[in-house]
Amino acid sequence: MNNKVGCLIRTMRHLHVSGSKLGPSFRMAMRTYTLGISRHKSAIQSVNLRRFLLNVPPHRLESSLRLLSHGAPVYSKGDATVQEQKAAKSLLDEHMQSSSSALDPLEEDRSVVEENLVVKSERSQSQQFFDDLQKCTSPCDVLDLVSKSAISEKHCSNCFTTMWVLTKKLSEDQKRYEKQLMVEHPAFMQLCQRLMQESRSMWCDDLVYSLHAVVKLGVSQNTRLVQTLLRVSQERLNEFDDRCLSVVSTTLATMEKSRNVDALQAGLQLLVEQRIPKISNIFMLQSMMKCIGKDAPLSLKRKFENRVLKELDHLTPLNAQHMFSALAAMNHCSMPILDACSNKIIESIHGTPFWQLIHVLRSCSILRYRNVVLYSAIANYVTSAIYMWDTKQIVLFLSAFEGLRFRPVELMDILAEKVTSHPESLNLKDILSILRVYSLLNHVPKCQNQEFLESLNSALNKYLTRISNVDLLKAVYSFCILKYLPQPALSQLLQGDNLNELLKSDGLNKEQNEMMLHCVNMCLELDSPPSFTKPATVFINKPSSPLVSDLPEVQEALLKLLGDERMVQQNIQLPHGYSIDFEIKMDADRKKVLPVTEVDDPADVPNVQRVAVLCAPPSAFCFGTRHPRGKLAMKMRHLKALGYHVILVHYQEFKKLKKEEAIECLKGEIYSANAFPFSDVNLQDNI
């Protein structure tokens, strides 16, 4: 080993002496050659290198070439490099007789000094350019710098990246203004032309970051510049490292489908699939998983899954956190991986950054991964460290939990206290988010329900002069689900012009607006107290939909319990668009079931108690509990107002019961001596 090292040192000395006698051009070519073996730039450099090598004395360079060839595994990146070395040596052999003589030692020293001065001057100019680039505050500043400087390919890539970084944090209006000035600047076209010319000889990282910056700056995908960068990226795809692949994949995810985009995406997937067995670093593996995206074939996703499963014992808490995002990027729910990562996160949850927890929760929503232990651990940690989070952060946590149908009771109570104490600190976005979360999760504070809703109402009233009709409708709809009627907001919403604007929407927006207006109208009819002043309303008819209810397990249990099919009615349609799965009529004490034929009109028989049996899917409940969510709770409240006693059946759990257990459960609810009064608190205790 020592002999080889000594030989390498002597060889490099020979190269240095030979290069010194031939001037700076040769030495620049040799630096390009030795570096290019491990990090290719382009075939153009190889041609220039051969041109310089023709003038090198063979007796000085031949041993050096032998060393480079002998050490191919260290420097070589493929058979093409070895062939290039052989070609250079053969060209030397053809010019053996025309070798130049060695220069005088004084000339050699003078040449070395001149080269050092040139290199120092180039470095100084380059450093000065980058220093000036960091001082730029807008894309036009960058272009002004370009117009008065001689830029290299490295400068070109950094200019585009700097322009993107300067614009990405601006508001939308500022972005449009700055981009318009950028496109109109005379140096912009010059910079684009230079980028196209230099793209084939750039380092790989400069190429991919240039493509990313150009796309992010809003340059049209159909332009020659973008298409050139896409084609060059296809040609040099095999040279990309993991980071470059990640940048390209991120860029392609924001681009429209086209032939070049599809070809590059397909090449990415093939390259990543080849590299999977060689990846030992977990972060690199996760980077690759994000690269392939959700459109990758299932076979490739499973290869990643199997590779990760082999590394589960080596996962760190940080690896576990990022694994959620990586699987979400692939849209691949692997239960063994997610369960193992959840345990890692729970064990080391204290000190986990805010955004990392948000990403974990959002990834769970994308993957539809349900883990009540993980959710509870995150909620308990956030609650215990409540001093670390401001109101906006707590709202983001609750929004993420709502997307998972999880109701963190203690955390929601704490936020309600903050809102009640300081409603003036909320902006419109906060108000709408809080109303949406609390209404959909059907949560109101136990001790300060009215104060909490009144605080939100007073905060909303400050924005009534500038709120959009759609946001106003969403706010009123959320209030109504919580059984609170905000008088000023309702009066403004139900004005003729505002209603007409909402009903003129197209497609899905129109259907959503009609549904919310229908619910608001039902709440005005069924929830408003006598003292409430009803505004002039326009009745919104809910689009009719066929009633389909196939519940054989519940029907069979009811028939066996009641003994006669005349004792129960199925699929009952009620006013206001409501329907009931099963209806039973009983005496006032709920001791005896009455046949339907004996009670044709309950209004004429005041001692009859109507019982409504509602079967709800898991999505109608908060996750991990039997607590009904907003719309189901509103329906149960309205059925009570219509004179029904409501029995709520968690249908998925009911199907798991044995026949005898199912009958006993229904019997306990139907023949209950102490009928449950309707309330949000005891709804979760029903079946």
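In this text the structure is predicted, and so the values were computed from the model without any measurement.

Q: Outline the overall build of the protein, listing residues and values.
A: Tallying secondary structure elements over the protein gives 33 helices and 5 strands in all. Burial analysis of the protein (687 residues in total) assigns 48% to the buried set. Pairs at least 24 residues apart make up 73% of the contacts formed inside the protein by residues separated by at least 6 positions. As displayed, the protein offers around 35,400 Å² of accessible surface, 52% of which is attributable to carbon and sulfur atoms.

Q: So what's going on with the pairing of strand 4 (residues 608-616)? Which residues, and what values?
A: When you tally the buried positions in strand 4, you get 7 out of 9 residues, the bulk of the element. As paired elements, strand 4 and strand 5 (residues 644-650) share 7 bridges and run parallel to each other. Opposite V613, over in strand 5, you have I647 as the bridge partner.

Q: A description of the pattern of salt bridges should follow, citing residues and the corresponding values.
A: Side chains that differ in charge, positive against negative, can pair when their charged atoms come close. Throughout the structure, instances matching the rule amount to 17 salt bridges. For R236, the salt bridge is made with E239, and the minimal N-O distance between the two is 3.2 Å. What makes R236 buried here is its relative accessible area of 5%. Residue classification places E239 among the partly exposed residues on the basis of a relative accessible area of 26%. In this structure, R626 engages E653 in a salt bridge whose closest nitrogen and oxygen atoms are separated by 2.7 Å. With R626 in the loop between strand 4 and helix 31 (630-641) and E653 in helix 32 (residues 651-656), this pair connects stretches of sequence that are 27 residues apart.

Q: Kindly report on the environment of V520, identifying the contributing residues and their values.
A: Relative to the helices and strands, V520 resides in helix 29 (residues 507-526). The spacing of V520 and L490 is 30 residues in sequence and 9.0 Å in space, taken between C-alpha atoms. In this view, V520 contacts V476, Y477, C480 and L490; residues no more than four positions away in its chain are not counted.

Q: How would you explain the packing of helix 26 (residues 469-481) against helix 31 if you had to name every residue and give the values?
A: Two numbers describe how helix 26 lies on helix 31: the axes approach to 9 Å, and their chain directions differ by 55 degrees. Viewed along their axes, helix 26 and helix 31 adopt a mutual orientation that is oblique. Across from Y477, C480 and I481 in helix 26, the residues of helix 31 making contact are G630, K631, M634 and R637. Counted by class, the contact of helix 26 with helix 31 contains 4 nonpolar, 1 polar and 2 charged residues.

Q: Report on the pairing of strand 2 (residues 579-587), specifying residues and quantitative values.
A: A large share of strand 2 lies buried, amounting to 8 of its 9 residues. In the sheet, strand 1 (residues 569-573) pairs with strand 2 via 4 bridges, with the strands oriented antiparallel. Across the sheet, the residue bridging to Q573 is S579, located in strand 2. As consecutive antiparallel partners, strand 1 and strand 2 are separated by 5 residues, and within that stretch H576 has a phi angle of approximately 65 degrees, a positive value. One ladder, built from 6 bridges, connects strand 2 with strand 4; its direction is antiparallel. Directly across from M586, in strand 4, lies its bridge partner Q609. As paired elements, strand 2 and strand 3 (residues 593-594) share 2 bridges and run antiparallel to each other. Bridge assignment links K585 to a residue of strand 3, and that residue is L594. In this structure, the hairpin formed by strand 2 and strand 3 is closed by a connection of 5 residues, where R590 is found at a positive phi of approximately 55 degrees.

Q: A description of the nonpolar core should follow, citing residues and the corresponding values.
A: F160, F304 and Y438 are the most contacted members of the largest nonpolar core, which totals 165 residues. In terms of residues, this core owes the most to one element, helix 26, which gives 8 residues. Beyond its immediate stretch of four places on either side in the chain, F304 contacts V272, I276, L285, M288, M289, I292 and M330. In terms of nonpolar packing, the next biggest core, distinct from the first, is built from 23 residues, L551, V554, L562 and I670 among them.

Q: An account of the packing of aromatic side chains is requested, with residue identities and associated values reported.
A: As enumerated under the stated definition, the model contains 13 aromatic pairs in all. Ring centres 6.0 Å apart and planes at 80 degrees place the aromatic pair F129 and F130 in the edge-to-face group. Judged by its relative accessible area of 4%, F129 is buried. Plain terms: the ring middles of F354 and W389 are 5.9 Å apart, the flat faces sit at 45 degrees to each other, and that makes the pair tilted. Residue F354 is located in helix 20 (residues 354-367), and its partner W389 is located in the loop between helix 21 (372-384) and helix 22 (391-403); the two are separated by 35 residues in the primary sequence. With respect to burial, F354 and W389 carry one shared label: buried. Every member of this aromatic cluster is reached through a ring pair, and the members are F354, W355, Y381, W389 and F397.

Q: Residues and numbers for helix 18 (residues 317-330), please.
A: For helix 18, which comprises 14 residues, the first-to-last C-alpha distance of 21 Å matches the rise-based estimate of 20 Å (1.5 Å per residue) to within 8%. Buried within helix 18 we find N319, A320, Q321, M323, F324, S325, A326, L327, A328 and M330. Of the residues trailing helix 18, N331 is marked for its positive phi of about 55 degrees.

Q: I'd love a proper account of unusual backbone geometry, names of residues and values included.
A: Most of the time, phi is negative for any residue but glycine, and the peptide bond is trans. Of note, N442 is a non-glycine position whose phi angle comes to about 55 degrees, a positive value. Despite not being glycine, R590 shows a phi value in the positive range, around 55 degrees. By secondary structure assignment, the location of R590 is in the loop between strand 2 and strand 3.

Q: Describe the packing of helix 22 against helix 23 (residues 409-421), and please don't skip the residues or the numbers.
A: Following both chains from N to C, one finds helix 22 and helix 23 inclined at 140 degrees, their axes separated by 11 Å at the closest point. For helix 22 against helix 23, the interelement crossing comes out left-handed. Between helix 22 and helix 23, the residues in contact are T391, I394, V395, L398 and F401 and L411, M412, L415 and K418, respectively. Classifying every residue of the contact of helix 22 with helix 23 by side-chain character gives 7 nonpolar, 1 polar and 1 charged.

Q: Before we move on, could you go through the environment of N427 and cite the residues and values that matter?
A: By the secondary structure assignment, N427 is in the loop between helix 23 and helix 24 (428-440). In this structure N427 comes out as partly exposed when scored by relative accessible area, which is 28%. Remark: the alpha-carbon pair of N427 and A459, spanning 32 residues in sequence, is separated by 8.2 Å. Apart from residues lying up to four places away in sequence, N427 is in contact with K392 and Y463. A polar side-chain atom of N427 sits 3.2 Å from the main-chain amide nitrogen of K429.

Q: Go over helix 33 (residues 659-670) with me, naming the residues and quoting the values.
A: Between its terminal C-alpha atoms helix 33 stretches 17 Å, which fits the 16 Å expected from 12 residues at 1.5 Å a residue. Within the sequence span of helix 33, burial applies to A662, I663, L666, E669 and I670. All buried residues of helix 33 fall inside an arc of 130 degrees around its axis, so they share one side. For helix 33, the exposed residues lying more than 90 degrees away from the buried face are E660 and E664.

Q: Residues and numbers for the confidence of the model for the protein, please.
A: Residues of the protein with pLDDT of at least 70 account for 75%, and the chain-wide mean is 79. A low-confidence stretch, residues 674-687 stays under pLDDT 50, and its non-local contacts, those more than four residues away or across chains, total 34 contacts.

What counts and how
Residues numbered from 1 in each chain as written. Predicted model: local features only at pLDDT ≥ 70, side-chain atom pairs only at ≥ 80, totals over all residues. Heavy atoms only, no water. Helix = DSSP H or I, 4+ residues; strand = E, 2+ residues; numbered from the N terminus. Buried < 20%, exposed > 50% of the residue type's maximum accessible area, 1.4 Å probe, protein only. Contact = heavy atoms within 4.5 Å. Areas by Shrake-Rupley, 256 points an atom, 1.4 Å probe, with all protein chains shown as cover. Pairing = 2+ DSSP bridges. Salt bridge = Lys/Arg side-chain N within 4 Å of Asp/Glu carboxyl O. Axes fitted to C-alpha atoms, helices over the stretch in contact; angles between N-to-C directions. Parallel < 35°, antiparallel > 145°, perpendicular 65-115°, else oblique. Nonpolar A, V, L, I, M, F, W, Y, C, P; charged D, E, K, R; others polar. Core = buried A, V, L, I, M, F, W, Y, C linked by side-chain atoms within 4.5 Å. Phe/Tyr/Trp six-rings, centres within 6.5 Å; stacked < 30°, edge-to-face > 60°. Expected span 1.5 Å × (residues − 1). Left-handed = near helix turned anticlockwise from the far one by under 90°. Polar contact = N/O pair within 3.5 Å; in protein donor to acceptor, adjacent residues only side chain to side chain. Arc of directions from axis to C-beta. pLDDT = per-residue confidence, 0-100.

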